[in-house]
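Listed below, chain by chain, are the residues.
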Amino acid sequence: MMSSGISENASRKRRASGTGSYRQENKILKWQGKQYRTFTNKLVPAKPQPERKVSCKCSYKCRSLTYKRKLELYKQFYETDSAKQGTYLTGLINIGNIKKRRRRGTYELAESSQCQCSIFYTVPDGSGNLVLVCKRTFLNIFAIISKKIEILVKKKKKMGETY
Ligand SMILES: [Zn+2]
């Protein structure tokens, strides 16, 4: 007797049921800075925590921020929900006119008409003050990419034009 041994392909692709909630879950993981899967099932690693070492050689106050404080900022940021994360960062980004160096060694603000706007990054130090840090440190603390800043700056500049 011949058995109709057509081995049914057991590895039928499993479809995630309730994809809606599945996606939502990943969205939350994403803004929490945790490991998540994209809809193409690509695994995105968790956001790295800020570096302990201050490796920049800038003239800002990066060194005055303790590692502990940086971790706090990182944690707070990823506990904030996604809609507020952008607002939070925007509030820490300051767009100002670049300070031009005069021959006599004094610094002066450029006229706004020839605005060579530069961007300053600040972070709260935990005792009510804002500390000026360089972009590198700013990106490092919040584990964000430069592109994200560019988008926020663009938005902020637009807002500034229309006030
Ligand atoms: Zn720095």
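Residues numbered from 1 in each chain as written. Predicted model: local features only at pLDDT ≥ 70, side-chain atom pairs only at ≥ 80, totals over all residues.

Enquirer: What am I meant to see in the overall build of the protein chain here?
Expert: A count of helical and extended segments in the protein chain gives 5 helices and 7 strands. Ordered by position from the N terminus, the helices and strands of the protein chain form the series α-β-β-α-α-β-β-β-β-β-α-α. Counting all 163 residues of the protein chain, 10% fall into the buried class. For the protein chain, restricting intrachain contacts to residue pairs at least 6 apart in sequence, the fraction spanning at least 24 positions comes to 50%. (Helix = DSSP H or I, 4+ residues; strand = E, 2+ residues; numbered from the N terminus. Buried ≥ 20, exposed ≤ 12 C-beta atoms within 10 Å, placed from the backbone. Contact = placed C-beta atoms within 7 Å.)

Enquirer: Where do I start with the environment of Leu92 in this structure?
Expert: As for its placement among the helices and strands, Leu92 is situated in helix H3 (residues 82-92). Separated by 30 residues in sequence, Leu92 and Thr122 have C-alpha atoms that sit 5.2 Å apart.

Enquirer: Got a minute to help me understand the nonpolar core in this structure?
Expert: Nonpolar side chains in soluble globular proteins tend to be buried together. One finds Cys62, Leu65, Leu73, Phe77, Leu89, Tyr121, Val123, Val133, Phe138, Ile141, Phe142 and Leu152 forming the largest nonpolar core, which totals 12 residues. Residue contributions to this core peak at 3 residues, all from helix H4 (residues 135-142). (Core = buried A, V, L, I, M, F, W, Y, C linked by C-beta atoms within 7 Å.)

Enquirer: Any chance you could explain the confidence of the model for the protein chain here in plain terms?
Expert: Here the protein chain averages 81 in pLDDT, and 74% of its residues register 70 or above. Summarising per-element confidence for the protein chain, the mean pLDDT is lowest in strand E5 (residues 107-109) (50) and highest in H4 (97). Segment residues 3-18 is flagged for pLDDT under 50; beyond a separation of four residues in sequence, or across chains, it makes 1 contact in the model. A low-confidence stretch, residues 109-114 (pLDDT under 50), is modelled with 7 contacts involving residues beyond four sequence positions or located in other chains. (pLDDT = per-residue confidence, 0-100.)

Enquirer: Even after reading the chapter, I still don't get the pairing of strand E7 (residues 130-133), so can you show me in this structure?
Expert: Within a regular beta strand, the side chains point alternately toward one face of the sheet and then the other, so they alternate between its two faces. By the bridge criterion, 4 bridges tie strand E6 (residues 117-124) to E7 in an arrangement that is antiparallel. Bridged to Tyr121 within E7 is Val133. Hairpin connection of E6 to E7: 5 residues between the antiparallel strands, including Gly126 at a positive phi of 100°. (Pairing = 2+ DSSP bridges.)

Enquirer: Could you clarify how one ought to interpret the environment of Cys56 in this entry?
Expert: With respect to the helices, strands and loops of the structure, Cys56 is situated in the loop between strand E2 (43-44) and helix H2 (67-79). Placed 78 residues apart in sequence, Cys56 and Cys134 show a C-alpha to C-alpha distance of 8.2 Å. Not counting residues within four places of it along the chain, the set of residues in contact with Cys56 comprises Cys62, Cys134, Arg136 and Thr137.

Enquirer: When you look at unusual backbone geometry in this model, what are you seeing that I'm missing?
Expert: Excluding glycine, a negative phi dihedral is what most residues carry, and trans is how most peptide bonds are arranged. Its identity is not glycine, yet Asn41 carries a phi of approximately 65°, on the positive side. Overall, the presence of 7 C-beta atoms within 10 Å leaves Asn41 in the exposed class.

Enquirer: Help me understand the environment of Tyr88, please; the structure alone is not making it clear to me.
Expert: Position of Tyr88 relative to the elements: it lies in helix H3. You can call Tyr88 partly exposed: it has 13 C-beta atoms within 10 Å. Sequence separation of Tyr88 and Phe77 is 11 residues, and the distance between their C-alpha atoms is 8.2 Å. For Tyr88, the residues in contact, after removing those within four places along its chain, are Phe77 and Thr80.

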